[in-house]
Structure formats: structure tokens, C-alpha cells
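Read off the chains here:
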Amino acid sequence: MMNKLYIILLSVAFLSCEEWVDEPQPEAEVGAAQVFSSVEGVEAFLTGTYRTIRGFNDELVNTSGSNDDSEGFGSIMNTRTVKGNDFMQPAFQWMTFEYRYLARGNPNSRKVNMIWNMSYELINSMNLLLSELENSPINNAEKPSLEAEARAIRAFAYFQSIREYALPYQAGRDNVGIPIYLEPADVTSTGSPRRSVGAVYDLILEDLTFASENIPETREFAWKINKTVTDGILARVYLEMGLYGEAAQAANQARIGFGRSLSPGSYSDGFRDLDSPEWMWGMPFSNDQTAFFGMFASFWDGTRYTPTIRANPTFVETFTDTDVRNLFTLAPDSLYVTSKFIADPDFGEDVVLMRVAEMYLIEAEALARQGNDAPAAALLFELQSNRDPAVTASGNTGQALIDEIMLERRKELYAEGLADFPDNRRLQQAWVRDDNHPNPAFRFSFVQNDYRHFFLIPQDEIDANPALTAADQNPDSEGGTWPQPSSGGD
């Protein structure tokens, strides 16, 4: 973070929030005091932060440069997808190094740097906002909602990073995590050691709890975080931690608060419209503000790149012919392509970040893992029957019900960066890539908490952060050991 996140240039154009998709270059360079002296200034700053989530580009902070495989949060979703068993990139094309687990083991690789730098840029931005907001002349009655939104974004960023660079929470809170920063970085910063996994999750929960209690329920634009989205992020975090009672409650609050029912029509519109009935949160794009060939859908529909990311025939076989999610077509390489994501000719398709269907599945899984089979099965069937009118309830209970829910997560959330590999990592599962993966060299067998599931810490961070040394690096080979929590501890 130290040499990657320079002091933020407070060059803010005071534009209305609905214009952020068409964000112009800054019209005026202003200081922090002016930016944070009004609600409008803070909102403009937050707008720029969402733009970072939408289209973070690592070119200026990574000497290896930016490429189409490292543009915005969509590239993180694609990375998590090809690291599993259900999808693959067998040809030499974008996401090949992620698929082959080569990107994670190079501390100078684009993806290692991109995820770290994007997370800490968001964190640093929110720390700056929170620091300046404290003494801002903004009316005190208006500050809590602004603070809540900033803390929700900060928690979102820490959650993305802790899962990529540290062992899962359920492997133990005392395992080494990532650095924590609560103040904006500047040239006098002395860095921060790797804090424990538990300390990072404590901060995430503290931020999200405050946000849930203080952020507005309503919002003008679907790209902003509101209470519904905050509760959805909370549900994800609790599920990751294995706190299933809390996960079920947060997911229930999120889906009820969202106020819209399941709508299978999303599967016929190409998952490219922020106004889709099931989308709780997403990022908008327009044809003049786009990542072009770095757009998320570029890697899926074949109009921009070929070959695209392929689906495993074993996975495709789990779908019935009457399931609206069965959008697979057999390709010449005997693998499958999916039309779930459609790339617009003008590169203006939106990117989904959260859907109400996920909340059904989180609540169902959390209930089932607590032994509450009946309500879990009812929620599962509500989703299944919405997607497939010919489906019948399985009657499963216990572990069989949990297994059915986990399969449904893969079928419902595929390619959204939420299931398959992320679930294997979360649950510390040993798993195997099957023989449908064309090259035997990449039919990996993974052990529990396999070192390959986690990225190395960027070398630039270790070099620039005086609180880190080479001993703080993650293991880069089988049999390697994780560093112990540093003196930062809890």
C-alpha cells in the first residue's frame, strides 16, 4: 500500500450523481477541505469511488501495466470463476494464467497487484473521507449516513482482499491476515503489519453493523450501496465466517428489504441491465464510458474474444432441459459456451454485483447448516421452481439437503464469482478438477486450504511497507508455511 496508494488527488468535478456513468475529466482541482465541506462534495467523492469498483485500472500503480484481464471488479469475478472446476480457459487467451494457477504465484503479476491495489485504494479513499468528515462543517445530522456508506465500501474492500491473501476465517481467527489501515496514507506513513484474520473480520463487521444501522434504505441509483446491499454484504461475510444464524438473518433482511421477487427473465436479457428486477446492486456502463475489450462480458459471448471461457460438460449435465438457466451450447472443442452474459455491440453492458437469488441461497444454506431443514428446503424449492417449472421438490434433509443447496449455488450464481471455487475455499474443502479439463497438467488435486487458493502478497508492498519483510510472504510451494500473525495481532 505504501508506494501504491499515493495521496489521493482531490481533483473533483462537482457533477450530479446521475452523470457519473459519463464522468468527465476533473473540471477543477480543489483541496480536501473544500471537497468535504458539503454533502454534494462528499457525494461526488463517493461517486468517484464507485467508479473505482466499476473500472479500476492498474496501469498507473503496477509497472507490468494494465491489460484486458485486469479491468475493474468484473475481472475479479472472472478470475474466481476460472479457478474452479465448472469453467475453464483451456486455450491461450485472457484468464489462461489464472486458470493455470500461474498468476497467483508471481508476486509481480498483474492480478496479484490488481486485487490488492484496488482494495487498498478503496480503503484509503474511505479513510480519507472518514477523516475529513469528522471536522467537516456539514450538519451533524447528515454525517451518519455519509459515514455509513463510506464504511460499507471500506468493509466491502477489506472483505475482497482478506479472502484472496489469507486463510479462511474458519481455519482460525489467529492466522495471519492483511494490514489494517484506519487513517489515510501519506508520505509520513510507517506502514502496517499483517494483522490477524480475526482482527480484519472484526473491523469488517464493525463497519457493516454501523452501516446497516445508519445507511438509508432508499437510494436514487442502483449502483449505490443502501441498507439492502449492506445487509447483503453482511450475509456474505457471516456465511464466510460460519456464523450461520447471523447469515440467515442478514440474508432474510436483505431479500425482504429489497422488496422484489425472483424473476427468471434475467436469463433471457443477457445479464446486462442494471434495471433488471433481480439486481440488488450493479455497476452501469455506457458506450462512452467503458472498459471496451476489458469488459466482463468480453470473455463470455464470443463477439470480442475467441475462444471464450468454457463450461465443463459435467457441470452442464446438472441442468434440466426446462431450466431457464440452461443457456449452454456445445462448442467445437467438446466443451460448452454460455449465453448468460451478452456483450453489447457498443461495449455498454452493465455488470451485476448482487442479486436477490443469492440471498435466498445464503439463507437456505445457513438454515440447513443449523439443522433447520424444512424452511431451508422451502426456500430452495421457491428458487428452483422459479427457474424450472417442471422441477419437483427433492425431499432431501441433512447433508443431502446441504449438498443440493451447494449445487444450486453453482447453477444459479455461475460466473458471478460467488460459487464453485469461492465456496471450496470458504469451506476449506479438498477438491479435484475432473478429466473434462483438456490438459492433464491442469487437472489439479487440491488439499484442504491448499496454498494455491491464495495469492502472494505483492512484492512492491513488501518492498515499500516497512512493517513487512520477506518472512511475511504467503507460501509459494507445497509444504510452505504461513507466516505467524505479526506483532500487530488483535
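Our subject is the structure that appears above.
Just so it is clear, the model here is predicted, and its values are computed rather than measured.

Participant: Sorry if this is basic, but what is going on with the packing of aromatic side chains here?
Facilitator: Centre-to-centre distance and the angle between the planes together describe a pair of aromatic rings. Applying the stated criterion across every chain yields a total of 30 aromatic pairs. A ring pair is formed by Tyr101 and Phe444, whose centres lie 5.5 Å apart and whose planes are at 80 degrees; its orientation type is edge-to-face. Placement of Tyr101 in the loop between helix H4 (96-99) and helix H5 (110-134) and of Phe444 in the loop between strand E9 (431-432) and strand E10 (445-446) is noted, with a sequence separation of 343 residues between them. Exposure class is identical for Tyr101 and Phe444. Each is buried. Centroid distance Phe315 to Phe319: 5.1 Å. Interplanar angle 85 degrees. Geometry classified as edge-to-face. You'll find Phe315 and Phe319 in the same group, each marked buried. Within the aromatic cluster, the residues linked to one another by ring pairs are Tyr99, Tyr101, Trp431, Phe442, Phe444 and Phe446. Directly above the aromatic system of Phe455 lies the positively charged group of Lys83, at a separation of 4.4 Å from the ring centroid. In this arrangement the basic side chain of Lys340 is found over the ring face of Phe271, its NZ or CZ atom lying 5.0 Å from the centre.

Participant: Teacher, can you tell me more about helix H3 (residues 72-82) here?
Facilitator: The periodicity of an α-helix, 3.6 residues per turn, causes residues three or four positions apart to be oriented the same way. In terms of residue burial, H3 counts as a mostly covered element, since 11 of its 11 residues are buried. Of the residues making up H3, those classed as buried are Gly72, Phe73, Gly74, Ser75, Ile76, Met77, Asn78, Thr79, Arg80, Thr81 and Val82.

Participant: Mind showing me how you'd approach the side chain of Asp323 here?
Facilitator: Counting through the fold element by element, Asp323 comes out in the loop between helix H10 (313-316) and strand E6 (328-330). On the basis of relative accessible area, Asp323 is assigned to the buried category, the value being 5%. A polar contact is formed between the side chain of Asp323 and the side chain of Arg325, at a distance of 2.9 Å. If we skip the residues at most four places from it in the chain, Asp323 touches Arg387, Asp388 and Lys411.

Participant: Explain the packing of helix H8 (residues 227-241) against helix H11 (residues 356-369) to me, please; I cannot follow it from the model alone.
Facilitator: When two helices pack together, their arrangement is captured by the angle between the axes and the distance separating the axes. Contact pair H8 / H11: the axes reach a minimum separation of 11 Å and the direction vectors enclose 35 degrees. In this structure, H8 crosses over H11, and the sense of that crossing is left-handed. Residues Gly232, Ala235, Arg236 and Leu239 of H8 lie in contact with H11, whose contacting residues are Glu358, Met359, Ile362 and Glu365. The class makeup of the residues in the contact of H8 with H11 is four nonpolar, one polar and three charged.

About the thresholds
- Residues numbered from 1 in each chain as written.
- Predicted model: local features only at pLDDT ≥ 70, side-chain atom pairs only at ≥ 80, totals over all residues.
- Heavy atoms only, no water.
- Phe/Tyr/Trp six-rings, centres within 6.5 Å; stacked < 30°, edge-to-face > 60°.
- Helix = DSSP H or I, 4+ residues; strand = E, 2+ residues; numbered from the N terminus.
- Buried < 20%, exposed > 50% of the residue type's maximum accessible area, 1.4 Å probe, protein only.
- Lys NZ or Arg CZ within 6 Å of the ring centre and 35° of its normal.
- Polar contact = N/O pair within 3.5 Å; in protein donor to acceptor, adjacent residues only side chain to side chain.
- Contact = heavy atoms within 4.5 Å.
- Axes fitted to C-alpha atoms, helices over the stretch in contact; angles between N-to-C directions.
- Left-handed = near helix turned anticlockwise from the far one by under 90°.
- Nonpolar A, V, L, I, M, F, W, Y, C, P; charged D, E, K, R; others polar.

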